[in-house]
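Chains, contacts and geometry: an overview
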Amino acid sequence: MTEKILPPVAPVKPHTLEMHGDVRIDNYYWLNQREDQEVLDYLTAENEYYQKLTAHTKPLQEALFEEMKSRIKEDDASVPYKYNGYWYITRYEKGKDYPIYARRKETMEAPEEILFDCNVMAEGHSYFHLSGLSISEDNKWASFGVDTVSRRQYTIQVKNLESGEILPFKIENTTGGSTWAGDNKTLFYTRKDAVTLRSEKIYKHILGTDVSQDVVVYHEKDETYNVFVYKEKSKKYLVIGSGSTLTTEYRILEAKNPEGEFRLFQKRTRGMEYSISHYADKWYIMTNKDKATNFKLMTTPETATEKENWTDLIPHRAEVLLEDVDIFKDYLVVSERSNGLNKIRIMPWEGEEYYLPFNIETYTAGTAANPDFDTDILRYSYQSMATPSSVIDFNMKTKEKTVLKEQEVLGGKFDKDNYTEERIWATAKDGTKVPISVVYRNGIKKDGTNPFLLYAYGSYGASMDPYFSSLRLSLLDRGFIYGIAHIRGGEDLGRDWYEDGKLLKKKSTFTDFIDCSEYVIAQGYTSAKHLYAEGGSAGGLLMGAVINLAPHLYNGVIAQVPFVDVVTTMLDDTIPLTTGEYDEWGNPNEKEYYDYMKSYSPYDNVVAQDYPNMLVTTGLHDSQVQYWEPAKWVAKLRTLKTDNNLLFMDTNMDAGHGGASGRFEAIKEVAKEFSFLLDLEGIKN
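These remarks concern the structure in this document. (Residues numbered from 1 in each chain as written. Predicted model: local features only at pLDDT ≥ 70, side-chain atom pairs only at ≥ 80, totals over all residues. Heavy atoms only, no water.)

A few words on the overall build of the protein. When helices and strands are tallied, the protein shows 12 helices and 37 strands. Its C-alpha radius of gyration of 26 Å places the protein within 12% of the 26 Å reference for a compact globule of 685 residues. Long-range pairs, those at least 24 residues apart, make up 55% of the contacts in the protein between residues at least 6 apart in sequence. Split by element, the accessible area of the protein, about 28200 Å² in all, is 49% carbon and sulfur. In the protein, 80 side chains carry a positive charge and 105 a negative one; their mean positions are 1 Å apart. (Helix = DSSP H or I, 4+ residues; strand = E, 2+ residues; numbered from the N terminus. Rg over C-alpha atoms; globule rule 2.2 N^0.38 Å. Contact = heavy atoms within 4.5 Å. Areas by Shrake-Rupley, 256 points an atom, 1.4 Å probe, with all protein chains shown as cover. Lys, Arg positive; Asp, Glu negative; His and termini not counted. Charge placed at Lys NZ, Arg CZ, Asp CG, Glu CD.)

Printed below as a string of structure tokens:
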């Protein structure tokens, strides 16, 4: 007789939390001690339980991994782009996990210079990420950031590209990003608060001086703001940006004068957002000034940057969201969104404007790296749920397009014509129409028997555009339907779509997802026996809220690095991100927001009821959603749920919010998730 494997039980240690006269007893508060051996033992016990109960799926996981890996071109390379006399390229070599950054002078026939081989740099580290690569204007120096913990605390170093020497100094606890002044020796970078990890100070480093002498050029003291620094595409200005969820502010300085003082572009006005682009003798400003909810484009003379001098170039339109602009010598390129779809608008400074044509409704298109000013070529990317990602060069004068690269799907079995993609519309409880992008293999019958994985995010105004995934084919080819629910809280249908899914309207995010789930069941795409839901981070909050409200709709749920202990986290201002989040969730120090948050916070609303089968993933070093949120949530679910369904927690003891760092290690994580779903469907191979 086989021994029954029992799940771990976290000890109950009641901890009283009181706010606004409301008392909450948190039995698992103690799990927030990352270094405590009892905590580590509990996380290890959960991992062992997960491993034992999924041991029978190991062959399936391995088969999925090999299958997904076999579709990927291992010796792949990015499309080269030209910047300041060099062609830059990122490439991978067969069997290697990490990218190689290289360049060639003037032509692609010139000898390759390897800037960084991350495979060599990653040796000895279980996690490695290189970020913020920045080249000086004389092409001699490269600054770069490295994170070997996965806590998004990067160490900046500088490499001499002529000698190959990495200079001995290290700048710790940064965002990884930095920018060179026009003198080729002064480097501006951003440091973080050591506890909250908020990016708060801009420093200036001069090559040849000690890091201890670096001076602070700007300190953002408001804890709800983060700062960053960059150089304009025109190379004339350095810019310090400071932003919260709802408000932005910029400071500018001539790049050739790094010893000068940054001056205010336009002081912050709560609720007013703006971003700036420089060209010739003007600044171009994308802003929501004057109640332009969906943003408009304004201009102002280079020498008069205060808002009193701004004039409309593209006025506000209620039905079109203005997302970005790219400025060229002879063209203005505007990225827009209407009815949930990306549009790219070409506006010659002289001549007729026009839009790039796209002919389906489940695509994503966006401008790519366009660092060159004096060119007729616009580089953009395009993909759909069934069409691999392409990089395209479009001649804005002749209107000719050249597909430079379409992502290769190896193995000889993939044909995009074998898949159907649709955009369908669910009706929410309040009558709002919510779009869902769907893809599935041709020939599926809508008889309620198909397994269906529904994904969503729904926070921070982040739009979840339809995209292609070669990994996802492993589900589609086994009969799964895959859908992305474009729920409120994202910006998929404009700025109001975001406003209607945040603060005291946050619950519409959850009810939209439930309404989308009910719709795909009602239309026969699937049934509650075969419907699965997935979301990560704030999308993990969505998963937690949805299974409290409508657990009966799902056979299984995957919650990746889920933000589930909303009230406790938002009351703790030492946790990274908290204070900057008040504009998204509300400040629970105010009773109205505390009460509303508590009414949906997944951890606070776990009750004695049946829950779906669940796989919860987290990383011990996650700086965005601390590991103890999912750990506490799983511990509480174990004691209260009334079913015999699976409940697993898989903690990566080496990684943070983004999971594993190597490209193949990351595929193993996906293989685990897919095997969880396929096993629930009884699909063995």
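Moving on to the nonpolar core. Counting 103 residues, the largest nonpolar core has Tyr42, Phe513, Tyr554 and Trp633 as its most contacted members. Broken down by element, the residue count for this core peaks at 8 residues, all from helix H12 (residues 663-680). For Tyr42, the contacting residues outside a window of four places in its chain are Pro8, Val9, Ala10, Leu31, Ala631, Val634, Ala635 and Met649. Membership of the second largest hydrophobic core comes to 16 residues, among which are Tyr331, Val333, Leu356 and Leu378. (Core = buried A, V, L, I, M, F, W, Y, C linked by side-chain atoms within 4.5 Å. Buried < 20%, exposed > 50% of the residue type's maximum accessible area, 1.4 Å probe, protein only.)

Attention shifts here to the pairing of strand S8 (residues 141-147). The buried fraction of S8 is high, at 7 of 7 residues. Burial along S8 is two-sided: the residues Trp141, Ser143, Gly145 and Asp147 and Ala142, Phe144 and Val146 are all buried. Here strand S7 (residues 129-135) runs beside S8; their pairing, made up of 5 bridges, is antiparallel. Looking at the pairing, Ile135 lines up with Ala142 of S8. What sits between S7 and S8 in their antiparallel hairpin is a turn of 5 residues, with Asn139 showing a positive phi close to 65 degrees. (Pairing = 2+ DSSP bridges.)

Now for the packing of aromatic side chains. Summed over the entire model, instances satisfying the criterion amount to 37 aromatic pairs. Residues Tyr440 and Tyr525 carry aromatic rings whose centres are separated by 6.5 Å and whose planes lie at 65 degrees to one another, so their mutual orientation is edge-to-face. Placement of the pair is Tyr440 in strand S31 (residues 433-441) and Tyr525 in the loop between helix H6 (507-522) and strand S34 (531-536), with a sequence separation of 85 residues. Overall, Tyr440 belongs to the buried group, its relative accessible area being 7%. Three or more aromatic residues link up through ring pairs in this structure, and these residues are Phe228, Tyr230, Tyr237, Tyr250, Phe265, Tyr274, Trp283 and Trp310. For Arg472, the ring lying beneath its charged end belongs to Tyr482, and the centroid distance is 4.3 Å. Geometry around Trp497 places Arg488 over its ring, the cationic atom sitting 5.8 Å from the centre. (Phe/Tyr/Trp six-rings, centres within 6.5 Å; stacked < 30°, edge-to-face > 60°. Lys NZ or Arg CZ within 6 Å of the ring centre and 35° of its normal.)

This paragraph deals with the sheet that holds strand S28 (residues 390-395). Taken in spatial order, the 4 strands line up as S26-S27-S28-S29 in an open sheet, and their pairing is antiparallel. The outermost strands of the open sheet, each flanked by one partner alone, are strand S26 (363-367) and strand S29 (401-406). Going from strand to strand, the sheet's axes swing by 25 degrees on average, the running direction of each strand aside. Pairing geometry for S26 and strand S27 (residues 377-384), over 5 bridges, is antiparallel. If you follow Ala365 over to S27, its bridge partner there is Tyr382. (Axes fitted to C-alpha atoms, helices over the stretch in contact; angles between N-to-C directions.)

The next subject is the environment of Gln33. In this fold, Gln33 is placed in the loop between strand S2 (22-26) and helix H1 (37-53). In this structure, the C-alpha to C-alpha distance between Gln33 and Glu62, residues 29 residues apart in sequence, is 34 Å. Once residues lying within four places of it in the same chain are set aside, the contact partners of Gln33 are Val39 and Tyr627.

Next up on the list: helix H2 (residues 58-70). With 13 residues, H2 should cover 18 Å at 1.5 Å per step; its first-to-last C-alpha distance of 18 Å lies within 8% of that length. Burial in H2 covers these residues: Leu60, Gln61, Leu64, Phe65 and Met68. The buried residues of H2 occupy an angular sector of 135 degrees when the element is viewed end-on, so they sit on one face. Every exposed residue of H2 that faces more than 90 degrees away from the buried side is listed here: Pro59 and Glu62. Residues of H2 that are buried sit in contact with helix H4 (473-476) and H12. (Expected span 1.5 Å × (residues − 1). Arc of directions from axis to C-beta.)

Before going further, it helps to examine the environment of Phe295. With respect to the element layout, Phe295 can be found in the loop between strand S19 (282-287) and strand S20 (296-301). Along the sequence, Phe295 and Leu321 sit 26 residues apart, while their C-alpha atoms lie 6.5 Å from each other. Once residues lying within four places of it in the same chain are set aside, the contact partners of Phe295 are Glu273, Met286, Thr287, Asn288, His316, Leu321, Leu322 and Arg495.

Bringing the sheet that holds strand S21 (residues 311-314) into the picture now. What the 4 strands build is an open sheet, ordered S18-S19-S20-S21; its pairing is antiparallel. Each of the sheet's edge strands pairs with one partner strand only, and the pair in question is strand S18 (274-279) and S21. Taken over all neighbouring pairs, the strand axes of this sheet differ in orientation by 35 degrees on average, direction set aside.

For the structure shown, the criterion picks out 52 salt bridges. With a closest N to O distance of 2.9 Å, Arg638 and Glu46 form a salt bridge. With Arg638 in helix H11 (residues 628-640) and Glu46 in helix H1, the pair connects residues that are 592 residues apart, well separated along the chain. Where salt bridges share partners, they join Glu273, Glu491, Arg495, Glu499 and Lys502 into one cluster. (Salt bridge = Lys/Arg side-chain N within 4 Å of Asp/Glu carboxyl O.)

A cluster of acidic side chains, namely Asp330, Glu350, Asp372 and Asp374, defines a negative patch on the protein surface. Looking at where Asp374 falls in the secondary structure, it is placed in the loop between S26 and S27. (Patch = residues over 30% accessible without salt bridge, like charges linked within 9 Å, V, L, I, M, F, W, Y side chains within 5 Å.)

Our next topic: the environment of Ser143. Tracing the backbone shows Ser143 in strand S8. Given a relative accessible area of 0%, Ser143 falls into the buried group. Separated by 23 residues in the primary sequence, Ser143 and Ile166 place their C-alpha atoms 9.6 Å from one another. Beyond its immediate chain neighbours, meaning those up to four positions away, Ser143 contacts Gly132, Leu133, Ser134, Gln157, Val158, Ser178, Trp180 and Leu187. Among the polar contacts listed, one links the side chain of Ser143 to the side chain of Trp180, at a separation of 3.4 Å. (Polar contact = N/O pair within 3.5 Å; in protein donor to acceptor, adjacent residues only side chain to side chain.)

The subject of this paragraph is the side chain of Asn450. Relative to the assigned elements, Asn450 resides in the loop between S31 and strand S32 (452-455). A distance of 3.1 Å separates the side chain of Asn450 from the backbone oxygen of Tyr525, its partner in a polar contact. Other than its neighbours up to four places away in sequence, Asn450 contacts Ile444, Lys445, Gly479, Ile481, Gly524, Tyr525, Thr526 and His530.

Let us now look at the packing of H2 against H12. It is at 8 Å that the axes of H2 and H12 come closest, and there the two elements cross at 130 degrees. Taken together, the axis directions place H2 and H12 in an arrangement best described as oblique. Judged by the sense of rotation from one axis to the other, the crossing of H2 with H12 is right-handed. Contacts between H2 and H12 involve Leu60, Gln61, Leu64, Phe65, Met68 and Lys69 on the former and, on the latter, Phe664, Ile667, Lys668, Val670, Ala671, Lys672, Phe674, Ser675 and Leu678. Of the residues belonging to the contact of H2 with H12, the class tally is 10 nonpolar, 2 polar and 3 charged. (Parallel < 35°, antiparallel > 145°, perpendicular 65-115°, else oblique. Left-handed = near helix turned anticlockwise from the far one by under 90°. Nonpolar A, V, L, I, M, F, W, Y, C, P; charged D, E, K, R; others polar.)

Residue Lys235 is not a glycine yet carries a positive backbone phi of 70 degrees. Assignment of secondary structure puts Lys235 in the loop between strand S14 (226-231) and strand S15 (237-243).

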